[in-house]
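A look at the structure
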Amino acid sequence: MIERLLEGNRRYAAGRSSAANASPARRRELVAGQAPAAAVLCCSDSRVPPEIIFDCGLGELFVVRVAGNVIDPVVLDSLEYAVDHLGVQLVVVLGHNNCGAVTAACAGGHSRSPGHLADLLCLLGPAVEAADALGRPATRVDDAVAANVRMAVQKLEQHLGTASVGRGLLVVGALYDLESGVVSLL
Ligand SMILES: [Zn+2]
C-alpha cells in the first residue's frame, strides 16, 4: 500500500497527476460506506493536501489534519477509528519542511502564545528538545520536524499496536518537500 501512495506521489511530483477519482459515479458508489486504504496524519498547512500529494481520489484516504501534525487524544481516537472500524492497515504520519507550527515552537512560541495555541506548541516541545539535543542550529527546524514525525510514529505504534495485534498494521513516518513535491520515507 505504501508503494501505491509513493507511486501516486511520483506522478504528482512529476506533474503527471491522474484525474483523481472524484466523479459523480464514484461519489454515489461511496454513499453506503467507505473502505480507505490508508490513514494519513498531516499538517493543516494549505500547501500539504494529502489527496493531491498522493494523487488519490474520493474514498481512498482517511485524513486527520492538525497544525504541526501533533497527536492529542482526539487525533489518536480518530486514527484508532480508522484502524479498528475501517480496517485501515497503513497509517502515514506526514511532516513537511517550512512548517509554521514547528517553526513557532522552535522560536519558543508556547511561552508567548495565549490559550489553545500555547497547548498546540507545547505538544511540539519534545520534538524541539530532541532537535536541540542534536546541536545543529542550521537545520534545527528540519530536525524538529523529523523528530516530531518519529515521535508520532512511536506513539501510534504503542497506542494502536494493542488494537491491531496480528493484523499487520504498518505505521510509517514521511516528510514532504514543499519545493519538489516529493514525499520521502523517514
Ligand atoms: Zn505545518
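Everything here concerns the structure above.
Quick word on the overall build of the protein
In terms of helices and strands, the protein carries eight helices and five strands. Ordered by position in the sequence, the α and β elements of the protein form the string α-α-β-α-β-α-β-α-α-α-α-β-β. The C-alpha radius of gyration of the protein comes to 17 Å, within 12% of the 16 Å expected for a compact globule of 186 residues. Referenced to the eigenvectors of the C-alpha coordinate spread, the extents of the protein come out at roughly 50 × 40 × 30 Å. In the protein, which comprises 186 residues, the proportion classed as buried is 44%. For the protein, restricting intrachain contacts to residue pairs at least 6 apart in sequence, the fraction spanning at least 24 positions comes to 69%. Accessible area of the protein: about 9300 Å², with a carbon and sulfur share of 55%. A gap of 5 Å separates the mean positions of the 15 positive and 19 negative side-chain charges of the protein.

Observations regarding the nonpolar core
Ranked by internal contacts, the top residues of the largest apolar core, which has 20 residues, are Ala39, Leu41, Ile71, Leu79, Val91, Val93 and Leu156. Residues contacting leucine 156, with those up to four places away along its chain left out, are Ile71, Leu76, Leu79, Val91, Val93, Gly161 and Val171. Grouped together as the second largest cluster of nonpolar side chains are 18 residues, Ile2, Leu5, Phe54 and Tyr176 included.

Some points on the pairing of strand E3 (residues 90-96)
E3 sits mainly inside the fold: seven of its seven residues count as buried. Taking every second residue as pointing to the same face, both faces of E3 are buried, with Leu90, Val92, Leu94 and His96 on one and Val91, Val93 and Gly95 on the other. Bridging between strand E1 (residues 38-42) and E3 involves four bridges; their strand directions are parallel. The residue bridging leucine 41 from the neighbouring strand is valine 93, located in E3. Inspection of the sheet shows E3 paired to strand E4 (residues 170-176) by seven bridges, in the parallel sense. Looking across to E4, one finds that histidine 96 is bridged to tyrosine 176.

A word on the coordination of the zinc ion
Summarising the metal site, the zinc ion is bound by the protein donors Cys43 (SG), His96 (NE2) and Cys99 (SG), whose distances to it range over 2.1 to 2.3 Å. Every donor residue of the zinc ion comes from the same chain, spaced as C-x52-H-x2-C. Residue cysteine 43 is found in the loop between E1 and helix H3 (50-53), and its partner histidine 96 is found in strand E3; the two are separated by 53 residues along the sequence. With respect to burial, cysteine 43 and histidine 96 carry one shared label: buried.

Notes on the side chain of aspartate 143
Here aspartate 143 lies in helix H8 (residues 140-161). Under the relative-accessibility criterion, aspartate 143 is labelled buried at 10%. Setting aside chain neighbours within four positions, we find aspartate 143 in contact with Ala131, Leu134 and Arg136.

Thoughts on the packing of aromatic side chains
Applying the stated rule across the entire model yields one aromatic pair. Summarising the aromatic geometry, the rings of phenylalanine 62 and tyrosine 81 are spaced 6.2 Å apart at their centres and angled 40° between planes, so their arrangement reads as tilted. Here phenylalanine 62, found in strand E2 (residues 61-65), pairs with tyrosine 81, found in helix H4 (residues 73-85); they are 19 residues apart in sequence, far enough to count as distant. Judged by its relative accessible area of 40%, tyrosine 81 is partly exposed.

Calculation notes
Residues numbered from 1 in each chain as written. Predicted model: local features only at pLDDT ≥ 70, side-chain atom pairs only at ≥ 80, totals over all residues. Heavy atoms only, no water. Helix = DSSP H or I, 4+ residues; strand = E, 2+ residues; numbered from the N terminus. Rg over C-alpha atoms; globule rule 2.2 N^0.38 Å. Buried < 20%, exposed > 50% of the residue type's maximum accessible area, 1.4 Å probe, protein only. Contact = heavy atoms within 4.5 Å. Areas by Shrake-Rupley, 256 points an atom, 1.4 Å probe, with all protein chains shown as cover. Lys, Arg positive; Asp, Glu negative; His and termini not counted. Charge placed at Lys NZ, Arg CZ, Asp CG, Glu CD. Core = buried A, V, L, I, M, F, W, Y, C linked by side-chain atoms within 4.5 Å. Pairing = 2+ DSSP bridges. Donors = N, O, S within 2.8 Å, 3.2 Å for Na, K, Ca; no water. Phe/Tyr/Trp six-rings, centres within 6.5 Å; stacked < 30°, edge-to-face > 60°.

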